[in-house]
Amino acid sequence: MSHSVMGAPMGVGRLRTAWQAAHEPVPGVSVWTRRLAYAVPLVVLPSSIWQLPAVFDSGLSVGERLYVPMLSVVSELLAFTAIGLVARWGEVFPGWLPGLRGSRVPVRLAVVPAALGATVLTVVFSLLSPITTVMGMTIRGDELPPDAPGQGTGVASVWFHSCYAPLVLWGPLLAVLTVAYWRRRRGGGVSAAAR
């Protein structure tokens, strides 16, 4: 196995470089706004982790066993895109994108999907989910079965609600970040320091 000069495996150095590039802030983004962006994947993480033990439930098909972890991964990847609203790669296409490398990200290309996402997430997780949970219904209006997660009164129910409650913040946080991104970019695109 090859090692870097400092004795750490080469893969660790590459991972650190990729991590730093993904989180490199754009000049002019406040610390507070960056913290909000970094919070988005964290508010999604508990629900993503809560789902994982379901993979070991008996009676699941192979497809269902694959679906559960993929849902967690996709949720976290979508949540991670919020960091693009404060990071350099959200204003300038990264070097690994052939044909786009180094060119400016059109403001609408970021703002429109982020605004739509914020709206859908707010409606689903901040409005409908709490209301339907209190009413004992699914989002479609069906009555929740007695064995549905969170229907009991024990530790399992508390654990479920503790893991899913942070999702109410996902849409509103994304909305705040989208507005901040739009305000920062509408005046002239990428700042000179971010080029």
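Here the structure is shown first, and the text comes after it.
The structure presented is a predicted model; accordingly, all values stated were derived computationally and were not measured.

S.K.: Can you tell me about the side chain of Gln-51, naming the residues and giving the values?
M.R.: If you trace the backbone, Gln-51 turns up in helix α2 (residues 31-51). Using a relative accessible area of 11% as the deciding quantity, one classes Gln-51 as buried. Engagement of the side chain of Gln-51 in a polar contact is seen with the backbone oxygen of Ser-47, the distance being 3.1 Å. With near-sequence residues (within four places) excluded, Gln-51 lies in contact with Val-68, Leu-71, Ser-72 and Tyr-164.

S.K.: Describe helix α3 (residues 62-80), with residues and values.
M.R.: Every α-helical turn comprises 3.6 residues, leaving residues that sit three or four positions apart pointing alike. Over its 19 residues, α3 extends 27 Å from the first C-alpha to the last, a length consistent with the 27 Å expected when each residue adds 1.5 Å. The complete set of buried residues in α3 reads Val-68, Ser-72, Ser-75, Glu-76 and Ala-79. Buried residues in α3, looked at end-on, bunch into an arc of 95 degrees, giving them a common side. Along α3, the residues that are exposed and aim more than 90 degrees away from the buried face are Val-62, Leu-66, Tyr-67, Leu-77 and Leu-78.

S.K.: Would you mind going over the packing of α2 against helix α6 (residues 170-186) in detail, with residue names and values included?
M.R.: Their axes nearest at 10 Å, the elements α2 and α6 cross at an angle of 150 degrees. As summarised for this structure, α2 and α6 are arranged roughly antiparallel, according to the angle between their axes. Seen from above, α2 lies across α6 with left-handed handedness. When α2 is examined against α6, the residues Thr-33, Leu-36, Ala-37, Ala-39, Val-40, Val-43 and Val-44 are found in contact with a partner set consisting of Trp-170, Leu-173, Val-176, Leu-177 and Ala-180. Tallied by class, the residues present in the contact of α2 with α6 amount to eleven nonpolar, one polar and no charged.

S.K.: Which residues make up the packing of aromatic side chains, and what values go with them?
M.R.: Counting across every chain of the model gives five aromatic pairs. Between Trp-50 and Tyr-164, the aromatic rings sit 5.4 Å apart at their centres with planes inclined by 80 degrees, giving edge-to-face as the arrangement. Residue Trp-50 is found in helix α2, and its partner Tyr-164 is found in helix α5 (residues 155-164); the two are separated by 114 residues along the sequence. For Tyr-164, a relative accessible area of 24% corresponds to the partly exposed category. Summarising the aromatic geometry, the rings of Phe-80 and Trp-89 are spaced 5.8 Å apart at their centres and angled 15 degrees between planes, so their arrangement reads as stacked. Phe-80 gets classed as partly exposed once you look at its relative accessible area, which sits at 26%.

Cut-offs and rules
Residues numbered from 1 in each chain as written. Predicted model: local features only at pLDDT ≥ 70, side-chain atom pairs only at ≥ 80, totals over all residues. Heavy atoms only, no water. Helix = DSSP H or I, 4+ residues; strand = E, 2+ residues; numbered from the N terminus. Buried < 20%, exposed > 50% of the residue type's maximum accessible area, 1.4 Å probe, protein only. Polar contact = N/O pair within 3.5 Å; in protein donor to acceptor, adjacent residues only side chain to side chain. Contact = heavy atoms within 4.5 Å. Expected span 1.5 Å × (residues − 1). Arc of directions from axis to C-beta. Axes fitted to C-alpha atoms, helices over the stretch in contact; angles between N-to-C directions. Parallel < 35°, antiparallel > 145°, perpendicular 65-115°, else oblique. Left-handed = near helix turned anticlockwise from the far one by under 90°. Nonpolar A, V, L, I, M, F, W, Y, C, P; charged D, E, K, R; others polar. Phe/Tyr/Trp six-rings, centres within 6.5 Å; stacked < 30°, edge-to-face > 60°.

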